[in-house]
Amino acid sequence: MPLTLDQLNAATPAEAAALLDGLYEHSPWVVEAAMAQRPLRSLAHLKHACAQAVSEGGLDKQLALIRAHPELAGKAMVSKSLTAESTNEQSKAGLTDCSPAEFAQLQQLNADYNAKFGFPFILAVRGPRGMGLPRAEIIATFERRLAHPVAYEREECLRNIHRIAEIRLNDKFGVEPTLGHRVWDWQEKLAQHSDPGFAEKGQLTVTYLTEAHRACAQQLSQDMLDAGFDEVHIDAVGNVVGRYRAAKTSAMTGAKTLMTGSHYDTVRNGGKYDGRLGIYVPIACVAELAAQGRRLPYDLELVAFAEEEGQRYKATFLASGALVGQFDLAWLEQKDAYGVTMREAMQQAGLHIEDIAKLRRDPTQYLGFIEVHIEQGPVLNELNLPLGIVTSINGSVRYLGEVQGMASHAGTTPMDRRRDAAAAVAELLLFVEQRAAQDGDSVGTVGYLQVPHGSTNVVPGRCQFTLDLRAPTDVQRDALVADVLAELQAICERRGVRYSLEETVRAAAAPSHPAWQARWERAVDALGVPLHRLPSGAGHDAMKLHELMPQAMLFVRGQNAGISHNPLESSTSDDMQLAVDAFQGLLDQLATDMA
């Protein structure tokens, strides 16, 4: 019989330890510490309590926990002395069936890893969906993580231990994240479409209105229809729009609409979850509602935005911008790298350009906009939290700049006579780093540096650079900008160089609407997941819809330190399940509020 929370909450400490035996490899202290948080509200609460116990256990206990784990395909596996849990996990990943060459490679990796770190390599080999990772991926991950700093890798081992424990807990409780698996599988299937030049390399790239992009739109349309959406169409800019109609009694009285969604285009060689997670979580909820024959007292409109990344044309947010009446017709004449104008691409895709102006939504007909998104950062991953509440989408200002000094001979120009353009920008870069850190949640980046026609033996006479400055409020952003620009001027005056600066982007911050943020908070709290609030440093479609209606976002934890815009971008089906549950919880709250 599967274990239940009621059993665990009612058990004595000794009984609880027995019920959860084998959860953390040869380390019963983790469960003992976690039981201090009883009564446990949910399985998610138990998982976090265990993670918190490890976090608070101190370095010595953490290292002992890591060292209690066996090597992958190591001596314990060969001698068949693994615990039953580890035997099951390594078998599911096929490590018991290694070829002689794979086994030899793993043995060498184990030796190299232990020599550097002093503890065994830990990887949740059952993977983000629990099915087992391919051996080639395990070996590639092993090789990649060998380059990590020691402290970073220790924390990565602990995060993998928590993932192992999560899967073991699911087994003990007889729990399967069915909807999370479904969302995970949908995204895997969508990722089969990729642009030429990338698809052949196994890389995911889907840019606006390419063949792969149009194939994604067709698949999304079919997935929405299969889930039970009443109406699905592709609009004049390529958005895939689905609508799940309100109950007839509500529709007759002019029910309003809740909008949700995210984007399905990607950066070049990107990840599978950026944007797409926020499309498939609502699809999973509608599928459940439709299966139950249940209607809400409002329409639910899902928009899979055709473009957010600005990869093919310089028109970021053109898809969500069209919904707020901000599609610039001048964009139609932009050309891509192959000389194809946006107008030509739209015509080839069968889109009706003359209908773009009709896409603007009437805010009086909408309740608000909500978006689910992978975090794209390390915060939730480091805190061992599956979900986070977004407080604001950062406002940003970007510049393209150049410092002009004097190119001169590197050997004959004394250090106190130089007018070094690159040194001036380097000084600015360090100031940006220090100034942004003063605010805590501001960020500043000099992401591009180039010395045109630079040479080893020439003092740089020119240096081109970019500035990207962001903060959760416009006031905080503007104060950061003012300080950075003042410092740039002071640096240049002191060094006897000149600068030019062109503002290329200015985006207002989009604070979450308090009532909608509170709904997300109640939905997450109901799952027994501790609340964590954080700003979004990245831009999202929600910041465009913010201009017409109230909005709020939910973040989902990413693996691999939360990396995004990268093939290593990942999340687990367990975290996706919690996102679906939270989304449904918000829908239910809204239905109750409107009753």
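Residues numbered from 1 in each chain as written. Predicted model: local features only at pLDDT ≥ 70, side-chain atom pairs only at ≥ 80, totals over all residues. Heavy atoms only, no water.

*Asks:* Could you give an account of the packing of aromatic side chains, naming the residues involved and the relevant values?
*Replies:* Per the counting criterion, the structure on display carries 10 aromatic pairs. Here Tyr113 and Phe121 contribute two aromatic rings whose centre-to-centre distance is 5.4 Å and whose plane-to-plane angle is 75°, an arrangement assigned as edge-to-face. Among the residues examined, Phe121 registers a relative accessible area of 1% and is labelled buried. With centroids separated by 5.7 Å and ring planes inclined at 25°, the aromatic side chains of Phe117 and Phe119 adopt a geometry described as stacked. You'll find Phe117 and Phe119 in the same group, each marked buried. Taken together, the ring pairs connect Tyr113, Phe117, Phe119, Phe121 and Phe142 into an aromatic cluster. In this arrangement the basic side chain of Arg295 is found over the ring face of Tyr244, its NZ or CZ atom lying 4.3 Å from the centre. The ring of Trp516 carries the charged tip of Arg519 above its face, separated from the ring centre by 4.4 Å. (Phe/Tyr/Trp six-rings, centres within 6.5 Å; stacked < 30°, edge-to-face > 60°. Buried < 20%, exposed > 50% of the residue type's maximum accessible area, 1.4 Å probe, protein only. Lys NZ or Arg CZ within 6 Å of the ring centre and 35° of its normal.)

*Asks:* Tell me what's going on with the packing of helix 12 (residues 211-227) against helix 14 (residues 277-291), and back it up with residues and numbers.
*Replies:* In contact at an axis separation of 8 Å, helix 12 and helix 14 are set at 25° when each is read in the N-to-C sense. As the angle between them shows, helix 12 and helix 14 are arranged roughly parallel. Contact residues: helix 12 offers Gln219, Leu220, Asp223, Met224 and Ala227, while helix 14 offers Ile279, Tyr280, Ile283, Val286, Ala287 and Ala290. (Axes fitted to C-alpha atoms, helices over the stretch in contact; angles between N-to-C directions. Helix = DSSP H or I, 4+ residues; strand = E, 2+ residues; numbered from the N terminus. Parallel < 35°, antiparallel > 145°, perpendicular 65-115°, else oblique. Contact = heavy atoms within 4.5 Å.)

*Asks:* Just give me the short version of the side chain of Ser194, but keep the residues and values in it.
*Replies:* The residue Ser194 is located in the loop between helix 11 (178-190) and helix 12 in this model. From its side chain, Ser194 meets the backbone nitrogen of Thr205 in a polar contact 2.9 Å long. If near-sequence neighbours (up to four positions away) are discounted, Ser194 is found in contact with Ala199, Gln203, Leu204, Thr205, Val206 and Ala212. (Polar contact = N/O pair within 3.5 Å; in protein donor to acceptor, adjacent residues only side chain to side chain.)

*Asks:* So what's going on with the environment of Glu166? Which residues, and what values?
*Replies:* For Glu166, the position within the fold is in helix 10 (residues 150-173). A relative accessible area of 10% means that Glu166 is categorised as buried. For the pair Glu166 and Ala526, spaced 360 residues apart in the sequence, the C-alpha separation amounts to 19 Å.

*Asks:* I'd like a description of empty space enclosed by the protein, backed by residues and values.
*Replies:* Rolled over the atoms, a probe as big as a water molecule pinpoints where empty space is left. Per the counting criterion, the structure on display carries one cavity of 30 Å³ or more. As a volume, the largest cavity reaches approximately 120 Å³. Lining the largest cavity are His69, Pro70, Leu72, Ser86, Glu89, Gln90, Phe121, Ile122, Leu123, Val125, Ile164 and Arg168. Counting residues per element, the ones that place at least two in the lining of the largest cavity are helix 7 (84-92) and helix 10. Among the elements that line the lining of the largest cavity, the one with the most residues is helix 7, at three residues. Along the lines of polarity and charge, the residues of the lining of the largest cavity split into seven nonpolar, three polar and two charged. (1 Å grid on protein atoms, 1.4 Å probe; cavity = no way out; pocket = protein on both sides within 12 Å on 5 of 7 lines; lining within 4 Å. Points joined across faces, edges and corners; volume = space filled by probe spheres on them. Nonpolar A, V, L, I, M, F, W, Y, C, P; charged D, E, K, R; others polar.)

*Asks:* Quick rundown of the nonpolar core? Include the residues and the values.
*Replies:* Counting residues in each nonpolar core, the largest one holds 102 residues, and the members touching the most others are Tyr208, Phe327, Met342, Met346 and Trp520. Residues within four places of Tyr208 in sequence aside, it is in contact with His213, Val237, Ala306, Glu307, Arg312, Tyr313, Leu318, Met342, Met346 and Leu351. Judged by nonpolar contacts, the second largest core, of 49 residues, contains Ala73, Leu158, Ala165 and Leu169. (Core = buried A, V, L, I, M, F, W, Y, C linked by side-chain atoms within 4.5 Å.)

*Asks:* Tell me what's going on with unusual backbone geometry, and back it up with residues and numbers.
*Replies:* Note that the residue after Arg38, namely Pro39, is joined by a cis bond; omega there is 5°. Tracing the chain through its elements places Pro39 in the loop between helix 3 (29-34) and helix 4 (43-56). The phi dihedral of Phe317 is positive, around 65°, even though this residue is not glycine. Checked against the element boundaries, Phe317 lands in the loop between strand 4 (299-305) and helix 15 (318-323). Accessibility expressed as a relative area gives 15% for Phe317, which makes it buried. Despite not being glycine, Ala561 has its phi angle at roughly 60°, a positive value.

*Asks:* Could you give an account of the environment of Ala509, naming the residues involved and the relevant values?
*Replies:* Checked against the element boundaries, Ala509 lands in the loop between strand 13 (498-507) and strand 14 (510-511). Ignoring any residue separated from it by four or fewer positions in sequence, one finds Ala509 in contact with Ser392, Ile393, Asn394, Gly395, Ala471, Pro472, Thr473, Asp474 and His546.

Note that every value here comes from positions in space, so none of it alone points to a role or purpose.
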